[in-house]
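# Overview (structure and organization)
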Amino acid sequence: MSEKRKILAVDDEPRNLKILTLSLGDAWEVRTAANGEEALSIMADYIPEVLLLDIMMPGIDGYEICRRAKLEPKLELTKIILVSGKAMLEERIKGYSLGADDYVTKPFIPEELAAKVRVFLRLVDTEKKLKELNHQLEEKVVERTNQLLDAKSRLIQTAKMSALGEMAGGIAHEINTPLAALVLLSSQVSDMVMDDPIDKTQIVKTLEKIEKTTLNIGRIINGLRTFSRDGSRDGFAPSSIKEIIEGTLGLCGEKIKKSGVDVQYSLPDGDLIFNCRATQVSQVLLNLIQNSFDAVESLPEKWIKVEAKKVDENLILKVTDSGKGLSEEAQQKMFQPFFTTKDVGRGTGLGLSISKGLIESHAGTITLDNQAPNTSFIIKIPIKQKGDS
């Protein structure tokens, strides 16, 4: 047997409460209160679905009970019907303004009042279903949002791995060359310790070369590790633009130099520390350098220049190459996903689109400088992110 629906009737006239109980008690569970104080006490642990309120009562009247009920979150679905011996318009308007749902006058017709209660109980059921559906919808929105964020993260990582794949040969050469040097230097030290007398000065110099070469390999590996990791869920952290630029160039410098492209970079005096996701800034910078390399590789004059400086409270990072800019059509489409001016098989067409999103997530911008004589992209990122102290 299903639980009866809950009704609370409040009236200071015992006769009226008896009539209400007789009229509604067969169909629903009816509790009664003889005054406002008793009604509030009952509703402390009893949640009626319909509240029948006599307006004119000594002490706490029906208007005040109505006002307090509407402030109580657990009574948000409770429907309130005001009951009064008067039918004045001002009374009805005041009741509605306090949150009442309906108004009946005494003497009421029991069948009509029961019909009103039945309608409001159906309305309560509808609102419960809507509330449940809204909750389910919110859960689905959260779930879908997380799926989209994961897909975006995978797409960014795919583009990043594609860029690494294009530079793999250069990176291998960057590491293999100093490794070969280490083997040679180690062999020299082995020979020197067998000499008699031992040339300590020469050994120290050779060991210093070994240390320098080892640090250089470490720098390349750290740059590769920083770049390749998924930084989509990283927080903003103080980062050195010098380390980002040098780490990024460490990944692609060998490939670019082997192709006869001159690479230069300039930094502000004393470096520049700004709050960012370093992995993402490195990815954007690498994409721009890679684009520049692809554009100038076959030109008679081929160079790439990376510049960083502070302007007001922003980091300005500029990547310029010896190309002569982009066509009007390319400028209009360059940030669209999958748009590319490269030959088939070179690039995914996602680089600039993803770069734009990554920089905008830093509250920054990435633009093409139309005033420059050469192809020049400008990144602008606030030194401090929103919420920084």
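Residues numbered from 1 in each chain as written. Predicted model: local features only at pLDDT ≥ 70, side-chain atom pairs only at ≥ 80, totals over all residues. Heavy atoms only, no water.

### Here's the deal with helix 1 (residues 14-24)
- When we look at burial in helix 1, the residues that qualify are Asn16, Leu17, Leu20 and Leu24. Along the long axis of helix 1, the arc covered by the buried residues comes to 100°, so they all point the same way. Along helix 1, the residues that are exposed and aim more than 90 degrees away from the buried face are Pro14, Arg15, Lys18 and Leu22. (Buried < 20%, exposed > 50% of the residue type's maximum accessible area, 1.4 Å probe, protein only. Helix = DSSP H or I, 4+ residues; strand = E, 2+ residues; numbered from the N terminus. Arc of directions from axis to C-beta.)

### A closer look at unusual backbone geometry
- Of note, the bond from Lys106 into Pro107 is cis; its omega dihedral lies within 30 degrees of zero at -10°.
- The topology assignment puts Pro107 in the loop between strand 5 (102-105) and helix 5 (110-194).
- In this structure, Asp312 takes a positive phi of about 55° despite not being glycine.
- Accessibility expressed as a relative area gives 65% for Asp312, which makes it exposed.
- Unlike most non-glycine residues, Ala363 shows phi in positive territory, near 60°.
- Within the secondary structure, Ala363 is located in the loop between helix 10 (351-360) and strand 11 (365-368).
- Overall, Ala363 belongs to the exposed group, its relative accessible area being 58%.

### Observations concerning the sheet that holds strand 7 (residues 262-266)
- With respect to topology, five strands assemble into an open sheet ordered 7-9-10-12-11, the strand pairing being mixed. Where the open sheet ends on each side, the last strands, each with one partner, are strand 7 and strand 11. When strand polarity is set aside, the average angle formed by the axes of neighbouring strands in this sheet is 15°.
- Bridge analysis of strand 7 against strand 9 (residues 303-311) gives five bridges, and the strand direction is parallel. Across the sheet, residue Asp262 finds its bridge partner in strand 9, namely Trp303. (Pairing = 2+ DSSP bridges. Axes fitted to C-alpha atoms, helices over the stretch in contact; angles between N-to-C directions.)

### With respect to the pattern of salt bridges
- Evaluated as defined, the whole model comprises 13 salt bridges.
- For the salt bridge of Glu49 with Arg5, the shortest nitrogen-to-oxygen distance reads 2.8 Å. Here the residue Glu49 occupies a position in the loop between helix 2 (36-42) and strand 3 (50-54), and Arg5 occupies one in the segment before strand 1 (6-10), the gap between them amounting to 44 residues.
- A salt bridge links Glu329 to Lys333, with the shortest nitrogen-to-oxygen separation between them at 3.2 Å. You can see Glu329 and its partner Lys333 sitting in helix 9 (residues 328-333), four residues apart, about one turn around the helix.
- A single salt-bridge network, built from bridges that share partners, covers Arg5, Glu49, Asp125 and Lys128. (Salt bridge = Lys/Arg side-chain N within 4 Å of Asp/Glu carboxyl O.)

### A look at the nonpolar core
- Judged by nonpolar contacts, the single largest core of 36 residues is most densely connected at Ile241, Phe274 and Ile289.
- Elements with a minimum of two residues in this core: helix 7 (241-258), strand 8 (273-276), helix 8 (278-296), strand 9, strand 10 (314-321), helix 10, strand 11 and strand 12 (376-382).
- For this core, the leading source of residues is helix 8, giving eight residues.
- Once you skip the residues sitting within four places of it in the chain, Ile241 turns out to touch Leu267, Asp271, Leu272, Phe274, Ala308, Leu315 and Leu317. (Core = buried A, V, L, I, M, F, W, Y, C linked by side-chain atoms within 4.5 Å. Contact = heavy atoms within 4.5 Å.)

### Topic: the packing of aromatic side chains
- Scanning the model with the defined rule gives zero aromatic pairs in all.
- Just above the ring of Tyr46 sits the side chain of Arg31; from NZ or CZ to the centre is 4.6 Å.
- Over the aromatic face of Trp303 sits the side chain of Lys305, whose NZ or CZ is 5.8 Å from the ring centroid. (Phe/Tyr/Trp six-rings, centres within 6.5 Å; stacked < 30°, edge-to-face > 60°. Lys NZ or Arg CZ within 6 Å of the ring centre and 35° of its normal.)

### A closer look at the sheet that holds strand 1
- A sheet is described by the order of its strands in space; here five strands give the open sequence 2-1-3-4-5, paired in parallel fashion. Of all strands in the sheet, those bounded by a partner on one side alone are strand 2 (29-33) and strand 5. Ignoring strand direction, the axes of neighbouring strands in this sheet form an average angle of 20°.
- Contacts between helix 1 and the sheet are confined to strand 1, strand 2 and strand 3, with strand 2 contributing the most and set at about 175° to the helix.
- The sheet strands contacting helix 3 (residues 62-71) are strand 1, strand 3 and strand 4 (79-84), and the helix crosses strand 3 at an angle near 155°.

### A closer look at the pairing of strand 11
- The alternating pattern of strand 11 places Ile366 and Leu368 on a buried face and Thr365 and Thr367 on a face that is not buried.
- Direction of pairing for strand 11 relative to strand 12: antiparallel, over a ladder of four bridges. Note on strand 12: the bridge partner recorded for Thr365 is Lys380.

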